[in-house]
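So you can see what is in the structure, the chains are spelled out below.
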Amino acid sequence: MKILVTNDDGIHAPGIQALATALRTIGDVVVVAPDRERSAVGHALTLHHPLRAQQVGPELFAVDGTTTDCVNLGIHNLLSFTPDIVVSGINRGANLGDDVTYSGTVAAAMEATLMGIPAFAVSLVAQGLGSHYDSAAVFAVKLARQIHQKGLPDDTFLNVNVPDLPPDRLLSSCITSQGRRRYEGSIVDNLDPRGQKYYWIGSTELSFLDLEGTDFYAVSRGHVSITPLHLDLTNYTSIQVLRSWELE
Ligand code: MN
């Protein structure tokens, strides 16, 4: 199996190293990842300046761009093969529910899907640095094998979230739907040392509606969550409603 690995925490993050090491047991792995953390940049593509890729080790490339850049550059230029699968992660922190569109880790899997390559994103549901990247890495190996054998449904990629627990405490995996975030108090405002006001976006705690069948529901109970996603964001149920509007 030929595998492209990327992430949005940067090439030096513990998660990508655990993932690449684990996947090397089942295939040829090339890592193409941002040279620094590029979290929460979503599906951004760099268009306004040239990109540089530096080979920093055997089968290891650092790019001064986003995860979407990395997947593009990897597949079109840096790799000597077309990968059978793209695996993105292991992200430090969850990518659940409404948050998936912010995630550079998820966007990498999205980009691979657009290029016709099976892909999944894997994140560790950790507050702070995270401890059990090994649990997520072991699960990623199982899933990569399964995808390689069975393929994925058309236009589908997987968003995987693994609780930060030791392997023996991790519960079975569940196929889930995207949950709903609860938006509350996530912007800090304060004065900087020069007396100017600043705002800092970010909530440290996971705040989601506890809806059965969702990704959040599964991981908060110790299960691995696998959510099948696709790129078509159309809300089909509202098409008829909107067609009844009188806009002419
Ligand atoms: Mn990240």
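Note that the coordinates shown come from a computational prediction; the quantities given were computed from them, not determined experimentally.

Let us now look at the nonpolar core. Burial of nonpolar side chains together is a common tendency in soluble globular proteins. Formed by 36 residues in total, the largest nonpolar core has its most connected members in Leu23, Phe120, Val122 and Val160. Elements that contribute at least two residues to this core include exactly β1 (2–6), α1 (14–23), β2 (28–34), β5 (85–92), β6 (119–125), α4 (133–150), β7 (157–163) and β11 (223–229). Here phenylalanine 120 is in contact with Ile85, Val86, Val87, Ser88, Ala109, Ala140, Leu143, Ala144, Ile147, Leu158 and Val160, once residues within four sequence places are set aside. Residues Phe61, Val63, Phe81 and Ala109 belong to the second largest nonpolar core, which totals 23 residues.

Right, let's get into the pairing of strand β9 (residues 187–191). Two faces, one strand: in a regular strand the side chains alternate between the faces of the sheet. Two strands pair when backbone bridges link them, and β9 and strand β10 (residues 197–201) are joined in this way by 5 bridges, in the antiparallel orientation. Residue pairing across strands places asparagine 190 opposite tyrosine 198, the latter belonging to β10. Counting the residues between successive antiparallel strands, the hairpin from β9 to β10 contains 5 residues, one of them, glycine 195, with a positive phi of roughly 80°.

The N-to-C vectors of helix α2 (residues 67–78) and helix α3 (residues 104–114) enclose an angle of 35°; their axes lie 8 Å apart at closest approach. For the pair α2 and α3, the sense of crossing is right-handed. For the pair α2 and α3, contact is made by Thr67, Thr68, Val71 and Asn72 and by Gly104, Ala107, Ala108, Glu111 and Ala112, respectively. Residues belonging to the contact of α2 with α3 are distributed by class as follows: 4 nonpolar, 4 polar and 1 charged.

Attention now moves to the pattern of salt bridges. According to the stated counting rule, one finds 7 salt bridges in the structure shown. Among the ionic pairs, aspartate 28 bridges to lysine 2, the shortest N-O distance being 3.2 Å. Remark: lysine 2 occurs in strand β1 and aspartate 28 occurs in strand β2; sequence separation between them is 26 residues. A residue is classified by how much of its surface remains accessible, and aspartate 28, at 43% relative accessible area, is partly exposed.

As a further point, take the sheet that holds strand β4 (residues 60–63). An order of β3-β4-β2-β1-β5-β6-β7-β11-β8 is seen for the 9 strands of this open sheet, with the pairing classed as mixed. In this open sheet, the two strands that pair with only one neighbour each are β3 (53–57) and β8 (171–175). Mean inter-strand twist for the sheet, computed between neighbouring axes without regard to direction, equals 20°. As paired elements, β5 and β6 share 6 bridges and run parallel to each other. Its bridge partner being in β6, glycine 89 is matched across the sheet by valine 122. Strand contacts of α1: β1, β2, β5 and β6, with the helix running at about 140° to β5, the strand carrying the most contacts.

Here we take up the coordination of the manganese ion. Donor atoms from the polypeptide that coordinate the manganese ion comprise Asp8 (OD), Asp9 (OD), Ser39 (OG) and Asn91 (OD1), at 2.1 to 2.3 Å from the metal. In the primary sequence, the donor residues of the manganese ion line up as D-D-x29-S-x51-N. Linking aspartate 9 in the loop between β1 and α1 with serine 39 in the loop between β2 and β3, this pair joins segments that are 30 residues apart in sequence. What makes aspartate 9 buried here is its relative accessible area of 13%. You can call serine 39 partly exposed: its relative accessible area is 27%.

Parameters and conventions
Residues numbered from 1 in each chain as written. Predicted model: local features only at pLDDT ≥ 70, side-chain atom pairs only at ≥ 80, totals over all residues. Heavy atoms only, no water. Core = buried A, V, L, I, M, F, W, Y, C linked by side-chain atoms within 4.5 Å. Buried < 20%, exposed > 50% of the residue type's maximum accessible area, 1.4 Å probe, protein only. Helix = DSSP H or I, 4+ residues; strand = E, 2+ residues; numbered from the N terminus. Contact = heavy atoms within 4.5 Å. Pairing = 2+ DSSP bridges. Axes fitted to C-alpha atoms, helices over the stretch in contact; angles between N-to-C directions. Left-handed = near helix turned anticlockwise from the far one by under 90°. Nonpolar A, V, L, I, M, F, W, Y, C, P; charged D, E, K, R; others polar. Salt bridge = Lys/Arg side-chain N within 4 Å of Asp/Glu carboxyl O. Donors = N, O, S within 2.8 Å, 3.2 Å for Na, K, Ca; no water.

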